[in-house]
Amino acid sequence: MLKKLSLVLVLVVFTSCNELQQVVNNLPTGTSGIGLSQLDMANGLKEALDLGIDKQVSKLTAKDGFFRNELVKILLPEELQKVDKGLRDIGLGNLADEGLKVLNRAAEDAVGQATPIFINAVKNINFNDAKGILLGNDNAATTYLKTNTESALFTSFEPVIKNSFEKVGADQIWNNLITKYNAIPFTNNVNPDLTNYVTGEALKGVYKMIAIEEKEIRTKVSSRATDLLKKVFALQD
């Protein structure tokens, strides 16, 4: 009992990340010494990531999940911003808005492919991963996911977005947009490949929303929905 109480006092006194790192490094091999096993810590981080995926990524798959969310809404790439402006200048603002909408629709469609890839990455979290995430910055868990899923997600997203462009008519809409823009006198013709661009922007949106949920869990006790989350993240408070 005295040993456990001593460890608790050490965690309270040591407030810097470096000091907390030393404390966790010296915890007994099988248990944290304060009622948390290595398995508990790993499972707690898995719960946190699962919560972020469930609460935030799922929102992006809904209609307007990207388009009505200013945090992740996909805007035009720099080379197409002149298309948007040019069309609005000649009274074709509605057409420009529709062009933006179909880009975001394609991203919403693709994000549905993300969950199985995330779940696979979360399953592989071990104690050392969990310890590094717990002692990391506010987006350490998101960074872990990005490192372990970005390549697979890009490969998965790109064909879905390409197909989505065809399904929602984005290819025809953008062909119409660019044709009309190129017909405006004194403009330089454009013909960009939007699939790669939207894929990258969709990925940014996914990780941004997970990071938001991670920060909530780290900074707000009320966001820790289970007893295990409360116990694990109490170590970093």
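Keep in mind the model is a prediction, meaning the values are calculated, not measured.

1. A look at the overall build of the protein
Looking only at helices and strands, the protein has 11 helices and zero strands in total. The secondary structure elements of the protein, listed N-terminal to C-terminal, are α-α-α-α-α-α-α-α-α-α-α. Taking the contacts inside the protein whose residues are at least 6 apart along the sequence as the reference set, 81% of them involve residues at least 24 apart. Entry remark: accessible area of the protein is about 12,500 Å², with carbon and sulfur atoms responsible for 52%.

2. Considerations on unusual backbone geometry
Not every positive phi belongs to a glycine, and Asp64 is a case in point at roughly 70°. The topology assignment puts Asp64 in the loop between helix 3 (38–60) and helix 4 (78–89).

3. Side note on the nonpolar core
Among the nonpolar cores identified, the biggest contains 64 residues, and Phe118, Phe157 and Trp174 are the most heavily contacted of them. Excluding residues that lie within four positions of it along the chain, Phe118 makes contacts with Ile53, Val57, Leu145, Thr149, Leu153, Val206, Tyr207 and Ile210.

4. With respect to the packing of helix 5 (residues 93–111) against helix 10 (residues 194–219)
Helices that pack against each other are described as a pair by the angle of their axes relative to one another and the distance between those axes. One can describe the packing of helix 5 onto helix 10 by two numbers: an axis separation of 9 Å at closest approach and a directional angle of 60°. The angle between the axes of helix 5 and helix 10 places the two elements in the oblique class. Seen along the crossing, helix 5 lies across helix 10 with a hand that is right-handed. Listed contacts from helix 10 to Leu103, Ala107 and Val111 of helix 5 are Leu194, Val198, Ala202 and Val206. Considered class by class, the residues forming the contact of helix 5 with helix 10 number seven nonpolar, no polar and no charged.

5. A closer look at the pattern of salt bridges
Inspection of the entire model under this criterion finds nine salt bridges. A salt bridge links Asp89 to Lys85, with the nearest nitrogen and oxygen atoms 2.9 Å apart. With Asp89 and Lys85 both in helix 4 and four residues apart, this pair spans about one turn of that helix. The exposed category is assigned to Asp89, whose relative accessible area is 54%. One network of salt bridges, in which partners are shared, links Asp64, Arg68, Arg105 and Glu108.

6. Overview of the environment of Ala234
Tracing the chain through its elements places Ala234 in helix 11 (residues 227–234). When the C-alpha positions of Ala234 and Val221 are compared, they lie 8.6 Å apart, and in sequence the two are 13 residues distant.

7. A short note on the side chain of Thr149
Mapping Thr149 onto the fold places it in helix 8 (residues 140–167). Within polar-contact distance, the side chain of Thr149 engages the side chain of Tyr207 at 2.7 Å. Excluding anything up to four places from it in sequence, Thr149 contacts Ile117, Phe118, Ala121 and Tyr207.

8. Remarks on the packing of aromatic side chains
Within this structure, the stated rule accounts for one aromatic pair. Between Phe118 and Tyr207, the aromatic rings sit 6.2 Å apart at their centres with planes inclined by 75°, giving edge-to-face as the arrangement. Here Phe118, found in helix 6 (residues 114–123), pairs with Tyr207, found in helix 10; they are 89 residues apart in sequence, far enough to count as distant. Pair check on accessibility: Phe118 and Tyr207 agree, each one buried. Directly above the aromatic system of Phe67 lies the positively charged group of Lys73, at a separation of 4.6 Å from the ring centroid.

9. Points about helix 7 (residues 127–134)
All of the buried residues along helix 7 are Phe127, Ala130, Lys131, Ile133 and Leu134. With its buried residues spanning 165° around the axis, helix 7 presents them on a single face. N-cap assignment for helix 7: the residue whose side-chain oxygen lies 3.1 Å from the backbone N of Asn128 is Asn126.

10. Things to note about the side chain of Thr195
Tracing the sequence through the fold places Thr195 in helix 10. Look at Thr195 and you get buried, because its relative accessible area is 12%. If near-sequence neighbours (up to four positions away) are discounted, Thr195 is found in contact with Glu158, Ile161, Lys162 and Phe165.

11. Brief notes about the confidence of the model for the protein
Chain-level pLDDT for the protein is 76 on average; 80% of the residues reach the 70-or-more range. Summarising per-element confidence for the protein, the mean pLDDT is lowest in helix 1 (residues 2–13) (29) and highest in helix 8 (89). pLDDT under 50 marks residues 1–34. Its contacts with residues more than four places away, or in other chains, come to 31 contacts.

Calculation rules
Residues numbered from 1 in each chain as written. Predicted model: local features only at pLDDT ≥ 70, side-chain atom pairs only at ≥ 80, totals over all residues. Heavy atoms only, no water. Helix = DSSP H or I, 4+ residues; strand = E, 2+ residues; numbered from the N terminus. Contact = heavy atoms within 4.5 Å. Areas by Shrake-Rupley, 256 points an atom, 1.4 Å probe, with all protein chains shown as cover. Core = buried A, V, L, I, M, F, W, Y, C linked by side-chain atoms within 4.5 Å. Buried < 20%, exposed > 50% of the residue type's maximum accessible area, 1.4 Å probe, protein only. Axes fitted to C-alpha atoms, helices over the stretch in contact; angles between N-to-C directions. Parallel < 35°, antiparallel > 145°, perpendicular 65-115°, else oblique. Left-handed = near helix turned anticlockwise from the far one by under 90°. Nonpolar A, V, L, I, M, F, W, Y, C, P; charged D, E, K, R; others polar. Salt bridge = Lys/Arg side-chain N within 4 Å of Asp/Glu carboxyl O. Polar contact = N/O pair within 3.5 Å; in protein donor to acceptor, adjacent residues only side chain to side chain. Phe/Tyr/Trp six-rings, centres within 6.5 Å; stacked < 30°, edge-to-face > 60°. Lys NZ or Arg CZ within 6 Å of the ring centre and 35° of its normal. Arc of directions from axis to C-beta. pLDDT = per-residue confidence, 0-100.

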